[in-house]
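# Per-entry structural report
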Amino acid sequence: MLKSLFNWKVLVNLVVAIGVFVGLVWLTFRWLEYHTNHGQEIPVPNVVNKSVHDAVKILDDTGLEYEVDSANYDPKYRPFQVLQVYPAPGSRVKDGRTVRLKVNPRTWAPIVVPDVINKYSGLAFQRLDQVGLKIGDTIYEPSIQKDALLRILYKGNAVNPGAKIPRFSIIDVVVGSGPMRNISIPNVVGLSVKEARAVITKSMFEVGLVEYEDGGKDESDIIYYQDPAAGDVRDQGMQIDLWASKRTPAELRAKVEQLNSIYRMKVDTSLPPVRYEEVHNEPVYEAPVVPPPAPKKETPKPEVPKTETPKAQTTTPKPSGTGTEKPKTSSNTPAAGSTAKPASSTTATQPAQKPKAKKVVVE
């Protein structure tokens with residue numbers, strides 16, 4: 001059996017098989033080198049901070065493919081400015097490799113305007129702020145819907161809910177300021193029902209009961225009566241009742257008179273007018289009574305008793321022919337009718353002094 005293995009025919013077949021296998025492997029690698037451009041690499045050009053148009057032109061000249069990503073807007077950079085490149089600039093890639101460019105878009109991505117019409121303005125403002133819209137001017141307009149958001153304006157044009165505008169756009173809003181007072185009722189007699197509805201709505205009134213003469217609901221019927229009457233003063237938001245017919249108001253004069261007797265009360269002007277006189281009561285002002293000043297109380301001062309020292313008196317007798325006069329002596333007794341001042345109990349008494357001897361000279 002071993003002898004048959006070393007037969008020359010077997011060896012030839014084995015060598016041929018090995019050669020075919022090696023040839024196939026070599027051809028496969030050569031095909032891969034040709035197909036993958038092995039050894040042929042291109043450096044990625046640096047297109048950061050360039051505009052997207054210039055970057056695309058450079059990549060086309062280099063032979064590279066590109067993809068543009070412009071999802072997020074950054075206001076710090078210019079519109080259409082290239083922010084990042086992947087693979088990084090300077091990297092070596094094959095010819096035809098796709099390069100991804102991150103570009104700053106022209107503005108924010110558009111968003112859908114939420115449905116906040118006829119909603120309370122406070123809640124509407126919060127909803128608009130949540131989706132990324134900024135409130136500019138707030139315009140107040142007379143409306144029976146007080147504090148309700150009536151319209152949204154973008155660049156002066158009304159925007160309906162569901163429309164798309166750029167994010168962080170500045171919008172103006174129209175808010176109802178409430179009904180106006182003492183507004184004249186418009187005249188809709190002679191107009192069709194459709195025209196009367198438009199006039200009443202434009203004047204900020206409400207269409208109330210509409211009574212058709214034939215019982216139908218034809219909007220082309222002519223208005224021959226209205227309540228309140230044209231020219232009356234009412235607040236906006238009040239209802240105006242209408243009567244419509246296919247005939248003209250002149251043909252329904254009797255019907256109009258009948259309605260006037262019900263809805264138009266006549267005022268009797270034959271009575272004299274009532275006069276009102278205003279009585280003026282002048283207030284009487286009385287001078288305020290000033291109380292007399294209270295008397296001042298004087299505090300008595302203590303009196304110090306005075307002591308008198310008796311003086312010696314000398315009398316000289318006058319010569320007379322008949323006899324001699326008795327000498328006059330002075331006494332310390334007080335005169336009649338005079339009262340001595342009592343000494344104060346609080347003052348100290350002085351010791352009594354002895355009277356001096358009196359001299360009497362007799363001639």
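My aim in this report is to walk through the structure given alongside it, one point at a time. (Residues numbered from 1 in each chain as written. Predicted model: local features only at pLDDT ≥ 70, side-chain atom pairs only at ≥ 80, totals over all residues. Heavy atoms only, no water.)

## Remarks on the overall build of the protein chain
Regarding its fold elements, the protein chain presents six helices and 16 strands. Counting the 363 residues in the protein chain, one finds 21% classified as buried. In the protein chain, of all internal contacts separated by at least 6 residues, the share reaching a separation of at least 24 is 72%. Accessible area for the protein chain stands at about 29,000 Å²; split by element, carbon and sulfur atoms hold 56% of it. (Helix = DSSP H or I, 4+ residues; strand = E, 2+ residues; numbered from the N terminus. Buried < 20%, exposed > 50% of the residue type's maximum accessible area, 1.4 Å probe, protein only. Contact = heavy atoms within 4.5 Å. Areas by Shrake-Rupley, 256 points an atom, 1.4 Å probe, with all protein chains shown as cover.)

## Description of the side chain of serine 169
Locating serine 169 in the fold gives a position in the loop between strand 10 (164-166) and strand 11 (170-176). Judged by relative accessible area, serine 169 falls into the buried class, the value being 8%. Filtering out sequence-adjacent residues up to four positions away, serine 169 remains in contact with Gly132, Leu133, Lys134 and Tyr154.

## Overview of helix 4 (residues 121-130)
Listed as buried for helix 4 are Ser121, Ala124 and Leu128. All buried residues of helix 4 lie within an arc of 60 degrees about the axis, which places them on one face of the element. Among the exposed residues of helix 4, those pointing more than 90 degrees away from its buried face are Leu123, Asp129 and Gln130. Against the buried residues of helix 4 lie strand 7 (134-141), strand 8 (149-154) and strand 11. (Arc of directions from axis to C-beta.)

## Quick look at the pairing of strand 8
Most of strand 8 sits out of view: five of its six residues are buried. Summarising the sheet, strand 8 and strand 11 pair through four bridges and their orientation is antiparallel. Bridging across to strand 11, arginine 151 finds its partner in valine 174. In this sheet, strand 9 (residues 157-158) lies alongside strand 8 in antiparallel orientation, the contact comprising two bridges. (Pairing = 2+ DSSP bridges.)

## Brief notes about the packing of aromatic side chains
Applying the stated rule across the entire model yields three aromatic pairs. Among the aromatic residues, those joined into a ring-pair cluster are Tyr225, Trp243 and Tyr263. (Phe/Tyr/Trp six-rings, centres within 6.5 Å; stacked < 30°, edge-to-face > 60°.)

## Regarding the sheet that holds strand 7
Strand pairing within a sheet occurs via backbone hydrogen bonds; the two strands may be parallel or antiparallel. One open sheet holds the four strands; their spatial order is 7-11-8-9, and the pairing between them is mixed. Edge positions in the open sheet fall to strand 7 and strand 9, since each of these has one partner strand only.

## Details of a nonpolar patch on the surface
Residues Leu14, Ile18, Phe21, Val22, Val25, Phe29, Trp31 and Leu32 make up a contiguous nonpolar surface patch of roughly 810 Å² in combined accessible area. Within the element layout of this structure, isoleucine 18 appears in helix 2 (residues 8-36). According to the relative accessible area criterion, isoleucine 18 is partly exposed, its value standing at 49%. (Patch = residues over 30% accessible without salt bridge, like charges linked within 9 Å, V, L, I, M, F, W, Y side chains within 5 Å. Salt bridge = Lys/Arg side-chain N within 4 Å of Asp/Glu carboxyl O.)

## Some details on unusual backbone geometry
Here tyrosine 86 and proline 87 are connected by a cis peptide whose omega angle stands at 0 degrees. The residue proline 87 is located in the loop between strand 3 (82-86) and strand 4 (92-94) in this model. The backbone of aspartate 147 shows a phi angle near 65 degrees, a positive value even though the residue is not glycine. Mapped onto the elements of the fold, aspartate 147 is located in the loop between strand 7 and strand 8.

## Comments concerning the environment of glycine 237
Along the polypeptide, glycine 237 turns up in the loop between strand 15 (233-234) and strand 16 (239-245). The sequence separation of glycine 237 and threonine 201 amounts to 36 residues, and the corresponding C-alpha distance is 9.3 Å. In this structure glycine 237 touches Ile144, Met204, Phe205 and Glu206, once residues within four positions along its chain are discounted.

## Considerations on the sheet that holds strand 14 (residues 222-227)
Pairing is mixed in the open sheet, where three strands are placed in the order 13-16-14. Where the open sheet ends on each side, the last strands, each with one partner, are strand 13 (206-212) and strand 14. If you compare each strand with its neighbour and ignore which way they point, the axes differ by 30 degrees on average. Two elements, strand 13 and strand 16, share five bridges in a ladder whose sense is parallel. For valine 207, the partnering residue across the bridge sits in strand 16 and is isoleucine 240. (Axes fitted to C-alpha atoms, helices over the stretch in contact; angles between N-to-C directions.)

## Quick word on the pattern of salt bridges
If charged atoms from side chains of opposite charge come close, those side chains can pair. Using the criterion set out here, one finds eight salt bridges in the structure. With its nearest N and O atoms 3.8 Å apart, the salt bridge here joins glutamate 67 to arginine 100. With glutamate 67 in strand 2 (residues 65-69) and arginine 100 in strand 5 (residues 98-103), the pair connects residues that are 33 residues apart, well separated along the chain. Note that arginine 264 and aspartate 227 form a salt bridge whose closest N and O atoms lie 3.1 Å from each other. You can see arginine 264 sitting in the segment after helix 6 (253-263) and its partner aspartate 227 sitting in strand 14, a full 37 residues away along the chain. Residue aspartate 227 is classed as buried on the basis of its relative accessible area, which comes to 18%. A single network of salt bridges, built from pairs that share partners, joins Asp218, Asp221 and Lys246.

## Details of a negative patch on the surface
Side chains of Asp60, Asp61, Glu65 and Asp95 sit close together on the surface and give a patch of like negative charge. Mapped onto the fold, aspartate 61 is located in helix 3 (residues 52-62). Judged by its relative accessible area of 64%, aspartate 61 falls in the exposed class. (Lys, Arg positive; Asp, Glu negative; His and termini not counted. Charge placed at Lys NZ, Arg CZ, Asp CG, Glu CD.)

## A look at the nonpolar core
If you look at soluble globular proteins, the nonpolar side chains tend to sit buried side by side. Ranked by internal contacts, the top residues of the largest apolar core, which has 15 residues, are Val116, Leu128, Leu133, Leu149, Ile152, Ile165 and Ile171. Of all elements in the fold, only helix 4, strand 8 and strand 11 reach the threshold of two or more residues within this core. Beyond its immediate chain neighbours, meaning those up to four positions away, leucine 133 contacts Ile111, Leu128, Ile165, Pro166, Ser169 and Ile171. (Core = buried A, V, L, I, M, F, W, Y, C linked by side-chain atoms within 4.5 Å.)

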